[in-house]
Amino acid sequence: MTVDIETTFARLKAGYASGRTRPPAWRRRQLDALRRMVREHRDDFVRAAASDLGKPAEETMLTELMLVSSEARFVRDHLHAWTRRRPKVMPWMLQPAMGWTVAEPKGVLLIIAPWNYPTLLALEPLTDALAAGDAACVKPSELAPATSRLLAALIPEYLDPDAVAVIEGGPDETGALLRLPFDHIFYTGGGKVGKVVMRAAAEHLTPVTLELGGKSPCFVDATADLVVAARRIAWGKFTNAGQTCVAPDYVLATSDVAEALAKRIGVAVTEFYGDDPQRSPDYGRIINDRHFGRLCALLPEHASSSPSGPDPAGRLVCGGTIDRGDRYIAPTVLYGTDPDAPVMGEEIFGPILPVIPVRDADEAIAFVNGRPRPLAAYVFSRDRATRLAFERRTSSGALGFGLPLGHLMSSRLPFGGVGASGIGAYHGEVGFLTFSHVKTVTVKPSFPDTLRLVYPPFDAMTRRVIDVLRRLG
Ligand code: NAD
């Protein structure tokens with residue numbers, strides 16, 4: 001396999017060095033082919049996501065395939081504007097002179113994808129990379145094997161094999177890839193492996209983008225429309241069975257509405273998935289036994305037998321049932337969770353939603369600021385001052401007022417984390433720039449040679465120039 005990896009890398013290097021990826025026409029052809037691939041194999045992608053994650057077809061369409069297609073169309077439509085020279089005014093002391101910036105491709109990229117949106121999170125960064133004129137090696141997640149196999153089969157069929165490749169495998173293969181001198185590494189996944197990636201990248205001084213996770217909070221107060229807030233929180237949380245990097249991880253609600261909100265979220269769960277979500281065709285499953293076990297350990301101790309009782313995880317408002325054979329965990333809402341409970345430790349990344357009462361927005365802001373900076377934060381409040389306070393006094397990859405998840409659907413908005421939730425961003429122009437080097441170009445004609453004024457030996461004229469410059473500030 002290592003030989004395969006090295007051969008593939010050498011092929012991509014040669015492909016990139018040949019200059020084939022640079023012309024805008026090549027980029028457009030690749031972007032069109034990528035969209036065609038997704039369109040012509042829609043059913044195969046849907047089947048693969050169903051096999052990997054029990055994902056409903058509609059969810060795969062809405063949250064993966066349509067987003068890839070719209071991103072590819074968006075970057076294709078803007079390619080001309082983004083690849084143009086951007087003239088800059090030069091300082092008068094250098095005149096006559098011109099300057100501009102131009103985006104050039106970075107080279108050969110490594111894209112390491114996770115399992116939770118296995119098509120989207122492999123193909124969306126690839127889309128931005130193709131727009132930027134790079135060659136790329138995609139490493140899908142071994143935990144989503146059906147999608148990984150599909151990508152490995154289709155990508156060489158649709159995209160230029162001298163510039164795009166897929167290497168399948170797990171930590172061993174990723175480790176072998178990470179030893180190679182890629183020109184940029186784009187990693188999506190957990191922070192622990194993010195550190196492995198960054199350490200390996202340091203060896204070659206390779207720039208990285210790390211799209212990580214974290215506990216994304218959600219704040220609700222009495223000014224919010226509780227019914228709408230409950231529905232949107234339930235949708236954001238239980239889509240893909242909670243295995244979404246920007247899902248609301250937990251809810252902080254002012255104590256005057258917290259319990260009512262928790263119950264309302266329970267009602268929304270029934271509206272979405274019926275009385276028995278296990279039988280709903282619209283509700284997914286947990287990726288594997290390890291994650292299933294990890295999530296079960298976060299539930300209240302007697303979750304499936306007793307609907308109430310003091311437990312640091314909180315009181316069960318809905319859900320709590322599990323089926324190991326089916327890797328099913330019901331959409332679960334907990335109320336009154338202890339901030340020190342295990343469920344409030346790491347990112348939950350599953351269908352368990354703790355609701356914690358707080359006094360007011362200030363207490364919620366202090367709670368959020370006392371923890372690592374999250375990938376997203378959501379606020380449901382009609383109070384302008386409260387919204388402003390969250391915008392100004394908290395830091396997160398993104399902030400959504402009344403809208404969980406929505407920001408990741410726009411190619412016009414950068415998507416990325418901050419602090420522990422990531423480094424760098426992509427989507428649209430920001431994605432194009434992530435995979436480009438913005439090169440500065442300057443031009444000065446040889447006549448007149450105005451630089452003579454600053455050449456040594458320094459004389460009275462030089463001192464006069466310095467004097468004038470100093471006075472001009
Ligand atoms: P994962 O297990 O699929 O791992 C991600 C990638 O790292 C895979 O390709 C895997 O093969 C590779 N990998 C795993 N162990 C490795 C090792 N020891 N050495 C080298 N490579 C290794 O994904 P995950 O980490 O379970 O994903 C879940 C996390 O990802 C969550 O924290 C979630 O919030 C985050 N996430 C973030 C985003 C985002 O866009 N910011 C999107 C999805 C998921």
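This structure is a prediction, so every number in the text was calculated from the model and none was measured. (Residues numbered from 1 in each chain as written. Predicted model: local features only at pLDDT ≥ 70, side-chain atom pairs only at ≥ 80, totals over all residues. Heavy atoms only, no water.)

Topic: the overall build of the protein chain
Applied cut-off: Secondary structure counts use DSSP, requiring at least four H or I residues in a row for a helix and at least two E residues in a row for a strand, with both numbered from the N terminus. With a 1.4 Å probe rolled over the protein chains alone, any residue whose accessible area is under 20% of its type maximum counts as buried; one over 50% counts as exposed, and the rest are partly exposed. Contact criterion: two residues are considered in contact whenever any of their non-hydrogen atoms come within 4.5 Å of each other. Note on charges: Lys and Arg go in the positive column, Asp and Glu in the negative column, and His and the chain ends are not counted at all. The atoms used to mark charge sites are NZ of Lys, CZ of Arg, CG of Asp and CD of Glu.
Scanning the protein chain from terminus to terminus reveals 15 helices and 20 strands. Dimensions of the protein chain, computed from C-alpha atoms along their principal axes, come out at roughly 90 × 55 × 35 Å. The buried share among the 473 residues of the protein chain stands at 52%. In the protein chain, of all internal contacts separated by at least 6 residues, the share reaching a separation of at least 24 is 73%. For the protein chain, the centre of its 55 positive side-chain charges and the centre of its 53 negative side-chain charges are spaced 9 Å apart.

So, a positive patch on the surface
Using the following cut-off: Patch rule: a residue counts if its relative accessible area is over 30% and it has no salt bridge; like charges are joined within 9 Å, and nonpolar side chains (Val, Leu, Ile, Met, Phe, Trp, Tyr) within 5 Å. Calculation of accessible area relied on Shrake-Rupley with a 1.4 Å probe; when residues are assessed, cover is drawn exclusively from the protein chains displayed. By salt bridge we mean one thing: a side-chain nitrogen of Lys or Arg within 4 Å of a carboxyl oxygen of Asp or Glu.
The grouping of Lys192, Lys195, Arg199 and Arg290 at the surface amounts to a positive patch. Among the elements that line the positive patch, the one with the most residues is helix α8 (residues 191-203), at 3 residues. The residue Lys195 is located in helix α8 in this model. By relative accessible area, which is 56% here, Lys195 ends up exposed.

Here's the deal with the pairing of strand β6 (residues 184-188)
Applied cut-off: In this analysis, strands are considered paired if DSSP registers two or more bridges between them. Consider the strands pointing away from the viewer: the crossover is right-handed when the path from the first strand over the helix to the second runs clockwise.
With respect to burial, β6 is a largely interior element, 5 of its 5 residues being buried. Residues His184, Phe186 and Thr188 of β6 are buried on one face, and the alternating residues Ile185 and Tyr187, pointing to the opposite face, are buried as well. Pairing of strand β3 (residues 108-112) with β6 involves 4 bridges; the strand directions are parallel. Bridge assignment links Ile111 to a residue of β6, and that residue is Phe186. Handedness of the crossover joining β6 and strand β7 (residues 208-211) through α8: right-handed.

With respect to the sheet that holds strand β16 (residues 398-401)
Applied cut-off: Simply put, an axis is a line fit to the C-alpha atoms, just over the touching stretch for a helix, and the angle between two N-to-C directions goes from 0 to 180 degrees.
In space, the 7 strands of this open sheet follow the order β10-β13-β14-β9-β8-β15-β16, with mixed pairing throughout. With partners counted over all chains shown, the strands left at the sheet margins are β10 (315-318) and β16, one partner each. Between one strand and the next, the sheet's axes are offset by a mean angle of 25°, whatever the strand orientation. Here 4 bridges tie strand β13 (residues 332-335) to strand β14 (residues 352-358), and the two strands are oriented parallel to one another. Directly across from Tyr335, in β14, lies its bridge partner Val355. Packed on one face of the sheet, helix α13 (residues 384-393) meets β8 (217-220), β15 (376-380) and β16 and runs near 170° to β16.

Looking at the domain arrangement of the protein chain
Filter applied, for reference: Where a domain begins and ends is set by an automatic assignment or by a domain database. Defined here as a combined quantity, buried area equals the accessible surface (1.4 Å probe) lost by two parts on assembly, summed across both.
Here the protein chain is partitioned into domain 1 (3-212 + 424-437) and domain 2 (217-410). Averaged C-alpha coordinates put domain 1 and domain 2 at centres separated by 31 Å. Each side of the interface is counted separately: domain 1 has 15 residues, and domain 2 has 18 residues. Sorting the residues of domain 1 by area buried against domain 2 places Leu53, Trp115 and Tyr117 first, and these three jointly supply 30% of that buried surface. Our enumeration of links across domain 1 and domain 2 arrives at 0 salt bridges.

Structural notes on the packing of aromatic side chains
How two aromatic rings sit relative to each other is set out by the distance from centre to centre and by the angle between their planes. The condition is simple: Whether two aromatic rings pair depends on their centres lying within 6.5 Å, for rings of Phe, Tyr and Trp, where Trp uses its six-membered ring; planes under 30 degrees apart make the pair stacked, over 60 edge-to-face, and the rest tilted.
In total, this model carries 12 aromatic pairs according to the counting rule given. Between Tyr283 and Tyr328 the ring centres are 6.0 Å apart and the planes differ by 80°, which places this aromatic pair in the edge-to-face class. Taken together, the positions of Tyr283 in the loop between α10 (258-273) and α11 (289-296) and Tyr328 in strand β12 (residues 328-329) put the pair 45 residues apart, joining distant regions of the chain. Each member of the pair, Tyr283 together with Tyr328, is buried. Taken together, the ring pairs in this structure connect Phe186, Phe415, Tyr426 and Phe435 into an aromatic cluster.

So, the pairing of β7
Alternating residues of β7 divide into Val208 and Leu210 and Thr209 and Glu211, and every residue in both groups is buried. Note: β6 against β7, 4 bridges, orientation parallel. Residue Phe186 lies in a different strand from β7, and its bridge partner there is Thr209.

Some details on the site of the ligand
Put simply, the test is: The nearness test applies per residue and asks whether one of its heavy atoms lies within 4 Å of the molecule or strand. Residues adjacent in sequence count toward polar contacts only when both atoms are side-chain atoms; beyond that, a polar contact is any pair of N or O atoms within 3.5 Å, and within protein one must be able to donate a hydrogen and the other to accept it. Residues are grouped as follows: nonpolar covers Ala, Val, Leu, Ile, Met, Phe, Trp, Tyr, Cys and Pro; charged covers Asp, Glu, Lys and Arg; every other residue, Gly included, is treated as polar.
In the region of the ligand, 27 residues are neighbours, and Lys139, Glu142, Gly190, Leu212 and Glu347 sit closest. At a separation of 2.8 Å, an oxygen atom of the ligand approaches a polar side-chain atom of Ser141. Protein chains shield 88% of the accessible area of the ligand, which is 850 Å² for the free molecule. Listing elements by their share of the shell around the ligand, those giving two or more residues are α7 (171-178) and β6. For the shell around the ligand, a count of residues per class yields 15 nonpolar, 8 polar and 4 charged. Taken together, domain 1 (3-212 + 424-437) and domain 2 (217-410) each give at least three residues to the shell around the ligand, which thus spans both.

A look at unusual backbone geometry
Here the amide bond leading from Gln95 into Pro96 is cis, since omega sits at -5°, within 30 degrees of zero. If you trace the backbone, Pro96 turns up in the loop between β1 (86-88) and β2 (98-105). Looking along the chain, the bond that leaves Phe447 and enters Pro448 is cis, with omega of -5°. With respect to the helices and strands, Pro448 occurs in the loop between β20 (436-443) and α15 (460-472). Positive phi, close to 50°, is recorded for Ala241, a residue that is not glycine. Tracing the backbone through its elements, the reader meets Ala241 in the loop between α9 (226-238) and β9 (250-254). Residue Ala241 is classed as buried on the basis of its relative accessible area of 0%.

Quick word on the environment of Thr450
Structurally, the position occupied by Thr450 is in the loop between β20 and α15. When its relative accessible area of 26% is taken as the criterion, Thr450 is described as partly exposed. On a C-alpha basis, the gap between Thr450 and Asp323 in space is 79 Å, while along the polypeptide they are 127 residues apart. Discounting chain neighbours no more than four positions away, the residues touching Thr450 are Leu94, Gln95, Pro96 and Lys444.

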